[in-house]
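Now for the letters of each chain:
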Amino acid sequence: MANGGKQPQPRCPIRLGEPCSLCVPGATGPQDCSLVYLVMSDPALRDELRLLRTAGSSSGPATID
């Protein structure tokens, strides 16, 4: 095994820079998380997330003020 037997940890697309912690009951990862679906299906929320990602790429963790 190339990575020492560890499974890759999926990253949460909503909580930037954090691993998926399965915070939504019933979710097995970002692929079936209802919070991820909600944010990605709402144009305003998706745009806000894009802004946070852009701001976070040049500095530390992004926050909403």
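The preceding data block contains the structure.
A.B. asks: Can you walk me through a nonpolar patch on the surface in this structure?
C.D. replies: Together, Leu35, Leu38 and Leu45 make up an exposed nonpolar region whose accessible area comes to about 230 Å². Looking at the secondary structure, you find Leu38 in helix α1 (residues 34–41).

A.B. asks: What is the right way to read unusual backbone geometry from this model?
C.D. replies: Note on backbone geometry: most residues besides glycine have negative phi, and most peptide bonds are trans. You will see that Leu22, though not glycine, has its phi angle at about 55 degrees, which is positive. Position of Leu22 relative to the elements: it lies in the segment before α1. For Leu22, a relative accessible area of 45% corresponds to the partly exposed category.

A.B. asks: Sorry if this is basic, but what is going on with the pattern of salt bridges here?
C.D. replies: Close approach of charged atoms lets side chains of opposite charge pair. Across all of its chains, the model carries one salt bridge by this definition. With a shortest N-O distance of 2.5 Å, Glu18 and Arg15 are connected by a salt bridge. For Glu18, a relative accessible area of 37% translates into the label partly exposed. Note on Arg15: relative accessible area 25%, which makes it partly exposed.

Rules behind the numbers
Per chain, residues are indexed from 1 in the order of the written sequence. Per-residue local features are limited, in this predicted model, to residues with pLDDT of at least 70; the limit for side-chain atom pairs, both in listing and counting, is 80 or more; totals at the level of whole chains, interfaces and linings are taken over all residues. For side-chain calculations, the full set of non-hydrogen atoms in the structure is used, while hydrogens and water are omitted. Patches here: salt-bridge-free residues with over 30% relative accessible area, like charges joined within 9 Å, nonpolar side chains (Val, Leu, Ile, Met, Phe, Trp, Tyr) joined within 5 Å. Computed with a 1.4 Å probe, the accessible areas rest on the Shrake-Rupley method; for each residue, only the protein chains presented here act as cover. Should a side-chain nitrogen of Lys or Arg be within 4 Å of a carboxyl oxygen of Asp or Glu, the pair is scored as a salt bridge. Put simply, DSSP marks the helices as runs of H or I at least four residues long and the strands as runs of E at least two long, and each gets a number from the N terminus on. When accessible area is computed with a 1.4 Å probe and restricted to protein chains, residues below 20% of their type maximum are described as buried, those above 50% as exposed, and intermediate ones as partly exposed.

All we've got here are geometric facts, nothing functional implied.
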